[in-house]
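One letter stands for each residue in the lines below.
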Amino acid sequence: MVNSKVQVLTVAGNDCDGSAGMPADLHAFFISGVYGMGILTAAVAGNSYEISDQVLMPIEFIDHQFAALKKDFKIAATKTGMLGTSAVIRCFHRNFAPESFGKLVVDPVIITKHGNFLLDNEAYDDFVKLIIPMADIITPNAFEAQALSGVEIESRESMMTSAKRLQELGAKNVIVKGKHENPTQEKVEDLVLKADGSYQWLSMPYVSTERLNGTGDVFSAVITAEIAKGNDLFTAAEIAKNVVYDSISKPIIVGHRHGPINLWNAHSK
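Because the structure is predicted, anything quoted here is derived from the model rather than measured.

Once that is clear, we can look at the sheet that holds strand 5 (residues 103-106). Taken together, nine strands build an open sheet; the order of strands is 3-2-1-4-5-6-7-8-9 and the sheet is mixed. Strand pairing shows two members of the sheet lacking a second neighbour, strand 3 (51-56) and strand 9 (199-205), which therefore form its edges. Direction of pairing for strand 2 (residues 35-46) relative to strand 3: antiparallel, over a ladder of five bridges. From the neighbouring strand, A43 faces strand 3, where its bridge partner is V55. Packing of helix 1 (residues 21-31) onto the sheet brings it into contact with strand 1 (7-15), strand 2 and strand 4 (75-80), and relative to strand 1 it is tilted by some 150°. In this fold helix 7 (residues 156-168) packs onto strand 7 (173-176), strand 8 (187-193) and strand 9, with an angle of close to 35° to the strand it touches most, strand 8.

Shown next, in the form of structure tokens:
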């Protein structure tokens with residue numbers, strides 16, 4: 001019975017302040033009631049003010065992490081976080097197999113919520129060609145969806161067009177997260193588009209706060225956990241949306257500026 005607990009995996013970078021990346025994923029796995037594991041791709045030196053440095057893991061070491069987990073565990077679902085370079089993207093493509101690592105949730109981590117690119121051109125091209133076609137579910141923010149699909153997102157209709165373009169690139173199911181940079185907006189809407197063409201809109205009130213670090217990580221990590229537990233995509237996405245809303249609606253004061261979200265508030269519910 002060594003594999004009786006639902007097990008999930010994140011392949012991501014480590015943010016040393018605990019607000020995003022692998023720490024956020026593991027926090028989200030914990031509150032979702034699954035056992036979380038992590039394959040480390042990079043380590044970031046940062047705090048609530050800035051990111052000052054990062055170190056990439058050697059590709060051979062990432063290979064060894066995949067091999068170690070494959071040998072011992074029964075992983076029901078995996079999510080990607082920061083892959084970062086062509087070498088890491090190709091390493092992931094080479095090592096990932098559904099029979100060993102379950103369903104794949106791709107959180108692109110290619111463009112920040114402020115619109116800044118995180119990949120160079122070669123890595124971006126490899127991500128599109130190698131990673132998107134592997135995705136059972138992809139969860140881009142609005143800027144990522146715009147870049148990947150070539151569709152400017154300004155309405156529900158354009159979000160749907162963008163999501164369908166991502167399916168044409170190979171992703172089975174797509175969740176396009178709505179924009180949330182306008183302090184006058186009343187709500188944030190996300191689109192969930194299934195492989196069979198059915199869809200659902202998720203809406204929550206807009207919350208004005210700087211305590212947002214890790215929202216995208218947590219959203220996709222909760223979806224990963226819920227899919228691993230056997231929930232369908234609509235249910236998983238709705239649970240994830242609620243967790244994120246609960247986590248940002250009652251902030252905790254950790255750090256001085258762009259702090260982490262409050263998963264305790266979501267967990268307490």
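Moving on to the environment of M134. Mapped onto the elements, M134 comes out in the loop between helix 5 (121-131) and strand 6 (137-138). Residue classification places M134 among the buried positions, given a relative accessible area of 18%. Distance in space between the C-alpha atoms of M134 and L104 is 7.2 Å, their sequence separation being 30 residues. Other than its neighbours up to four places away in sequence, M134 contacts F92, H93, F96, L104 and K172.

Note that strand 8 and strand 9 share seven bridges and pair antiparallel. In the sheet register, L191 faces strand 9, and the bridge partner there is W201. The antiparallel pairing of strand 8 with strand 9 creates a hairpin that spans five residues between the two strands, and G197 there sits at a positive phi of about 95°.

Counting 43 residues, the largest nonpolar core has L9, F92, F127, I131 and L148 as the members making the most contacts within it. In terms of residue count, helix 5 provides more of this core than any other element does, five residues in total. Counting residues in each nonpolar core, the second largest holds 32 residues, with V105, V207, A225 and I248 among its members.

With that settled, consider the pattern of salt bridges. Applying the stated criterion across every chain, the model contains nine salt bridges. In this structure, D136 and K172 form a salt bridge, with 3.7 Å as the shortest nitrogen-oxygen distance. In this pair, D136 is assigned in the loop between helix 5 and strand 6 and K172 in the loop between helix 7 and strand 7, connecting sequence segments 36 residues apart. D136 sits in the buried class, given a relative accessible area of 15%. K229 serves as the salt-bridge partner of E226, at 3.0 Å between the closest nitrogen and oxygen. The class of E226 is buried, set by a relative accessible area of 5%.

Here is what the cut-offs are and how they apply
Residues numbered from 1 in each chain as written. Predicted model: local features only at pLDDT ≥ 70, side-chain atom pairs only at ≥ 80, totals over all residues. Heavy atoms only, no water. Pairing = 2+ DSSP bridges. Helix = DSSP H or I, 4+ residues; strand = E, 2+ residues; numbered from the N terminus. Contact = heavy atoms within 4.5 Å. Axes fitted to C-alpha atoms, helices over the stretch in contact; angles between N-to-C directions. Buried < 20%, exposed > 50% of the residue type's maximum accessible area, 1.4 Å probe, protein only. Core = buried A, V, L, I, M, F, W, Y, C linked by side-chain atoms within 4.5 Å. Salt bridge = Lys/Arg side-chain N within 4 Å of Asp/Glu carboxyl O.

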